[in-house]
Amino acid sequence: MADGEPVELFVGADGAFTAEPGRDAEVLCADGWILPGLVDAHCHVGLRFGGGAEDEEGLLAQAVTERDAGVLLLRDAGSPVDTRALDQRAGLSRIIRAGRHIALPKRYIRGLPVDLEDESQLPDEVARQAQAGEGWVKLIGDWIDREVGDLAPLWSDEILVEAIAAAHREGARVTAHVLGEDALSGLLAAGIDCIEHGTGLTDETIGAAHEAGIPIYAGTDAGGQVQHGRIADEIASLVRVGLDPTEAYAVRPGGLGAPRAAVERVLGVTGCRFRPGSRVWQNGSLSSHPVTYRAAVTG
């Protein structure tokens, strides 16, 4: 456990953790450890690899792939299809949804976002997506502007203030796809809650973020151009840039060394903890050590 003390765990015939051993219980592992389910803080269940929207069969395949990679909580950072049917299927990861991307015409990938005719519509659309999602709204912060010939912000600083305030009134948070440098200042000044990608961050802004204690969370951007089930690769990449393995695992919400409250604070999820009655799924064939199980998010 977190305090370093060993604990005995039992799995009943129905695949749930129990506080007491059952009759004729079999010892699967006398000395081992349990790795909590992983969190992918940026993925897209519903985007077909290579482009377009998935059908129901494709949605299920993506969800199963994430579960089999050990991811039990997904923040879906924008999807063109409604994935709520997956919630009715037992044994899949929990999904926190952000509704659809919001953009302007010809300023993002065709067919994925809600395209607004004018930026003045942004606050109302943000409110709609806040109601359609589960605590998050996704903006396209910058994209190629054909008139400029480069990445450029989509929104004025003034409309961003109104839009983010509209989301907050609905109890939602706002995140934005940002690749360049120019869009960052307006989004940050408007009170944006999260930045995706952030490839335009400079040494100065990275240093300021570090000093402010702003966390990094592991997100794969799976869907579209990245295959699902890549969370281990994302964490390994963090190791390659200088984090030790424990630190790299800890940067995802609720990871080792990160308080459980991080999940609740960042993603708005409660109940992410082991307790008797939590569901488990065996991961492939049993081995003597380690024994690996897949536990559902509870609560």
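Definitions and limits used
- Residues numbered from 1 in each chain as written.
- Predicted model: local features only at pLDDT ≥ 70, side-chain atom pairs only at ≥ 80, totals over all residues.
- Heavy atoms only, no water.
- Axes fitted to C-alpha atoms, helices over the stretch in contact; angles between N-to-C directions.
- Helix = DSSP H or I, 4+ residues; strand = E, 2+ residues; numbered from the N terminus.
- Parallel < 35°, antiparallel > 145°, perpendicular 65-115°, else oblique.
- Left-handed = near helix turned anticlockwise from the far one by under 90°.
- Contact = heavy atoms within 4.5 Å.
- Nonpolar A, V, L, I, M, F, W, Y, C, P; charged D, E, K, R; others polar.
- Phe/Tyr/Trp six-rings, centres within 6.5 Å; stacked < 30°, edge-to-face > 60°.
- Buried < 20%, exposed > 50% of the residue type's maximum accessible area, 1.4 Å probe, protein only.
- Lys NZ or Arg CZ within 6 Å of the ring centre and 35° of its normal.

## Describing the packing of helix α2 (residues 122–132) against helix α3 (residues 157–169)
Reasoning step 1: Running from amino to carboxyl end, α2 crosses α3 at an angle of 25°, the nearest separation of the two axes being 8 Å. Here α2 is positioned roughly parallel relative to α3, judged by the angle of their axes. The element α2 and its partner α3 pack so that their crossing is right-handed. Together, L122, P123 and V126 of α2 and I159, L160, E162, A163, A166 and A167 of α3 make up the contact between the two elements.
Reasoning step 2: Class assignment for the residues of the contact of α2 with α3 results in eight nonpolar, no polar and one charged.

## Here's the deal with the packing of aromatic side chains
Reasoning step 1: All chains considered together, the criterion is met by one aromatic pair.
Reasoning step 2: Ring geometry for Y108 against W143: centres 4.8 Å apart, planes inclined by 75°, an arrangement best described as edge-to-face. Placement of the pair is Y108 in the loop between β6 (102–103) and β7 (114–115) and W143 in strand β9 (residues 142–145), with a sequence separation of 35 residues.
Reasoning step 3: Given a relative accessible area of 14%, Y108 falls into the buried group.
Reasoning step 4: You can call W143 partly exposed: its relative accessible area is 21%.
Reasoning step 5: Of note, R75 hangs over the ring of W136, and the distance from its end group to the ring centre comes to 4.5 Å.

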